[in-house]
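For reference, the chains in residue letters:
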Amino acid sequence: MTSHRPRGIALAALSGVASMSAGVAVAQLVAVAVAPASSPVVAVGGAFIDATPTWLKEFAIERFGTADKTVLLTGIGLVLVVAAGIAGILARRRPSLGAAVLAGIGLVGVAAAATRPATGPAQTLPSLAGAVVAPAVLLLLLHRPRRAADAVAATSPTGPSRRSLLVGSLAVTAGAVVVGSVANVLGSRLRDLETTRAAIRLPAPAEPAAPLSAAVDVRVDGVTPFRVPNADFYRVDTALVVPSVDVSTWRLDIGGMVAEPYRIDYDELLAMPMIERDLTLTCVSNEVGGPYVGNAVWLGVRLTDLLERARVDRGADQLFSTSVDGFTASTPLGALDGRDAIVAVAMNGEPLPAEHGFPARMVIPGLYGFVSATKWLVSLEATTYADRTAYWTERGWATDAPVRTMARIEVPRPLSTVEAGMTAIAGTAWAQHRGIDRVEVQIDDQPWTAARLGAVPSVDTWRQWWLPWYADPGRHTIRVRATDASGQTQPADRLAPFPSGAQGWHEVVVIVR
Ligand SMILES: Nc1nc2c(c(=O)[nH]1)N[C@H]1C(S)=C(S)[C@@H](COP(=O)(O)O)O[C@H]1N2
Ligand SMILES: [Mo]
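For the structure given in this document, a descriptive report is provided here. (Residues numbered from 1 in each chain as written. Chains lettered and ligands numbered in written order. Predicted model: local features only at pLDDT ≥ 70, side-chain atom pairs only at ≥ 80, totals over all residues. Heavy atoms only, no water.)

Side note on the sheet that holds strand β14 (residues 436-443)
- Pairing is mixed in the open sheet, where five strands are placed in the order β12-β19-β18-β14-β15. What marks the edges here is a single partner per strand, and that holds for β12 (417-418) and β15 (449-450).
- Examined bridge by bridge, β14 and β15 share two bridges and lie antiparallel to one another. Note on β15: the bridge partner recorded for V441 is T449. (Pairing = 2+ DSSP bridges. Helix = DSSP H or I, 4+ residues; strand = E, 2+ residues; numbered from the N terminus.)

Shown next as structure tokens:
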């Protein structure tokens, strides 16, 4: 036993957390100079996402939806705070041990950054800086020389007084908040694509989209608009920070099993003949009745125009596309059968929003997004399934993934209370590239009734539907099923999204008063 009182545990933990926050703040500042994705928190989060088993990822998407990334970042933050607190407590007796723990945490960031896909040695610099700064600050805090004024509160013959440790820790934390905020502001300034996007002049389409009939809209309040505004469009991807691509240096490589590989820049892409199409995108992770589906009008270059110029070998069966963030998708070359598969540069009349793949992404009607819709596209490679395996295929998802026929009830909302009397049941249905021919609704155990269908510009979009309903008081179950234009009615038996898309009839229960 030593004669002096040990410093309070809470204060010790605070000193650890303060030192950690200094390390993180400095790392964030360095990451501004290197790349947003090189921030240790983002690198660790990204590595975590890629290493997450499919069942857990499914659970996270289902449970937290688009907030899954916030949940992950908060989790990482909590783990950091706890680990740093422990480092501070350990440092109470052995400063070098506490410092070593902080350095170790920094090295986890270095390891994560070094193994990220879009990596170069520079990506590890932010984590390295943090791994040096955090332990150094801790040692400085603990070794602050005693001043005479602190003598009354002094607790340790070698360390600082309680008061100076408290003041020092709070000062360091405040400094970290300032540096972190500066890093944030600088980062978002640099990353601000809005100026660039606003300056882009989109070319006129050589083949404009068919004018939308007013009848695409069934005019029932609460139904998703036929074209979902960009700000409301669902977003699904593995990117923890939205990649910010500089169009002036962006290039698209077309290569692999081709006679003439080539590379084009953004202006060359914009100079190619553009087509404009309404296409509905769906995520394979969408549950029956789920939100991961949307329609937009896209402007872009035909994928086949890009590939024909390179002249793809007969032996190739897969188009392997790569994103700037390392995500990859595999598309069967056989799916490029004349359908309107495009490399899109614009969505609903605007250059692609950063979240949806600026400056260029793929959109192919009829296939789920994970095998067709690579955002922040940088490379198209003709290859074989034997040679290359894409991101989600490595994780057990299907390789060939046509969209399943699906109908969704949007009005009334599940478990809502509806006024008795005349009302409407309405929603959307989709079977991209086959088209929706019929939607039927069943209330409780009554016979199935055909719903009225909205107009569609092509078989590649979803279709709104509605049915007038005279609602009697009580509890009612509403069920829906769609039939595609090939005559196939969607099966009743439920399948989970993994590995090739959810199946089953959407059902909602409502209370009529
Ligand atoms: N770079 C990149 N592109 C991607 C993904 C991704 O994780 N990374 N996810 C795909 C999946 S699973 C879907 S469903 C669509 C979603 O496109 P959206 O976010 O624009 O709706 O993007 C696809 N393109
Ligand atoms: Mo997806």
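That shown, we press on.
Some details on the site of ligand 1
- Around ligand 1, the structure places 19 residues, and the nearest of them are Y234, T238, H356, R361 and K375.
- Within the backbone of Y234, an N or O atom sits 2.7 Å from an oxygen atom of ligand 1.
- Backbone polar atom of T238 to an oxygen atom of ligand 1: 2.9 Å apart, as the coordinates give it.
- Split by residue class, the shell around ligand 1 holds nine nonpolar, five polar and five charged. (Near = heavy atom within 4 Å. Polar contact = N/O pair within 3.5 Å; in protein donor to acceptor, adjacent residues only side chain to side chain. Nonpolar A, V, L, I, M, F, W, Y, C, P; charged D, E, K, R; others polar.)

What to know about the packing of aromatic side chains
- For the structure shown, the criterion picks out twelve aromatic pairs.
- Where F233 meets W298, the ring centres are 6.1 Å apart and the plane angle is 80 degrees; that geometry is what we call edge-to-face. With a gap of 65 residues between them, F233 in the loop between α8 (194-199) and β1 (251-256) and W298 in strand β4 (residues 293-302) connect regions that are remote in the sequence.
- Feature note: the residues F327, F370, Y391, W392, W397 and F498 constitute an aromatic cluster, connected by ring pairs.
- Taking the ring centre of Y262 as reference, the NZ or CZ of R309 above it sits at 3.8 Å.
- A cation over a ring is seen here: R481 above W448, with NZ or CZ 4.0 Å from the ring centre. (Phe/Tyr/Trp six-rings, centres within 6.5 Å; stacked < 30°, edge-to-face > 60°. Lys NZ or Arg CZ within 6 Å of the ring centre and 35° of its normal.)

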